[in-house]
Each structure stands twice: as structure tokens, then as C-alpha cells.
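Read off the chains here:
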Amino acid sequence: MILKKILVVSAHSDDSVIGMGGTIKRFTLNGHEVHVISVCGDRIVGFEDAMKLLGAKPMYFQYSYGKINQHQLSEDLRKVFQELDPQIVFTHWDKEILYDHQIVSEQTVRLARTFEKQIYLFEIPASSIDFDFDVAVDITQFFEFRKKAIELMKDAFEEKVYLKEILPSIVYAPGFRGIQVGCEFAEVFKYCGSRFPLAPYRKKLLDIASI
Ligand SMILES: [Zn+2]
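Residues numbered from 1 in each chain as written. Predicted model: local features only at pLDDT ≥ 70, side-chain atom pairs only at ≥ 80, totals over all residues.

Another point: the sheet that holds strand β3 (residues 57-63). Spatially, seven strands are ordered β3-β2-β1-β4-β5-β7-β6 in an open sheet, and the strand pairing comes out mixed. Of all strands in the sheet, those with a lone pairing partner are β3 and β6 (135-138), marking the two edges. Here the average twist between neighbouring strands, direction ignored, is 25°. Pairing between strand β1 (residues 5-10) and strand β4 (residues 88-92): four bridges, direction parallel. Looking at β4, one finds that Leu7 is bridged to Val89. Contacts from helix α2 (residues 47-54) reach β2 (33-40) and β3 within the one sheet, and its direction differs from that of β3 by about 155°. (Pairing = 2+ DSSP bridges. Helix = DSSP H or I, 4+ residues; strand = E, 2+ residues; numbered from the N terminus. Axes fitted to C-alpha atoms, helices over the stretch in contact; angles between N-to-C directions. Contact = placed C-beta atoms within 7 Å.)

This is how it looks when you write it as C-alpha cells:
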């Protein structure tokens, strides 16, 4: 197996765990290198410990919640794409109720297209509108890592937000997605193809041999 370099770009410190904490752990246990960016550098308590638990390398910029400058962000991300040169990029769903998520998704997808990367979008249950997926990862064995990772970050958030929004997203979403795809817990993604070679529905190829 050829090991891959994977970049996860999220707006806030909790987003990568909500969207794909179990998947990150699966990637790193399989030897892949995962770099996780939190574009906002506030509410960052526990982020580095959480990423360490998942085996990922954390990075964060100095933007504040609700105050991301998209032109500056584009420049900051461009540097990361050039220096890291990942093969696969994960980021937010492209129709988000939260401005920060929306901006991060737009800029990341644009750069990932420019640099010809494979792109996957992850789901944030509280803010992704009309989310639609075509790829699922069975995280049944890794659900506890997802939960422990967010627990390490709980002091970064208001208690009310943590208990009513963040924790339920961590606990319930993978169970619901698991029911849909036929395992106990799953995280789901929209595959957006890659610019080269052009094949937006590559992951929809039906494997006749294993049907
Ligand atoms: Zn967020």
C-alpha cells in the first residue's frame, strides 16, 4: 500500500473531530500521515492533545471565530498546500449555515482543485445544509477515540454549547449514519473527485466482482 499524505482543513478546533475523528484514527493507524488545520486559533484548548490521541499532526492559524479574512486565508492555505503537498484533502461541506465553515470550504476546495488534489467533504450535523454523501467509513472500532478526543477539548467551549451541540454531534451522528450504511458507527463524506484525472464519480464505480 502506498502511504498517503492527508490534509484536513477545518474552521474550528472541534470540526475535524465531529466530521471525521474516527476516520482520522483509522488513517493514522494504517500508517497514513494526517495533518489537521484549525483555521481559528481561539478556543484551541486541548486541540493538540486530541490530535495526538488520533495520531494526527495539528496546526492552527490565528483567526478568530467569525472573523476569517478570506484573502489572507487563501494565502495561508496556499503556503500549506505548497509545503505539505498532500494527495488527499478533506474539508467542510460546501453549503454551511456558519460563515466560517462556508469560507473555509470555498477556499480549500478552490486550492485543492488548483493543486489537483482528491477532495472529500465532511458533515457537521448542526450546520451542514442538505448534506449528501457517497462514501462512508466504518468507525465502529474507533468510536471511543472520537469521543475521547472531544472530551480532551471540552474546556475550549461554553458548557452549554459543548453539552447541547458538540457532544450530541459526536455521539449520535455516527450511529444514524451507521444505520444507513449497515454498520454500528460510520462517518460519511461527499467525494468531489479530483481535477486530474477528471472523474467526479470515480468512487461510484460498482465492484461487480464483490457484489
Ligand atoms: Zn465549526
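Leave glycine aside and you will find that most residues have negative phi; peptide bonds, for their part, are mostly trans. Phi at Asp85 is positive, roughly 50°, even though this residue is not glycine. Note that Asp85 resides in the loop between α3 (70-84) and β4. By C-beta crowding, Asp85 is classed as exposed, having 11 other C-beta atoms within 10 Å. Phi angles above zero are rare outside glycine, and Glu116 is one such case at about 60°. (Buried ≥ 20, exposed ≤ 12 C-beta atoms within 10 Å, placed from the backbone.)

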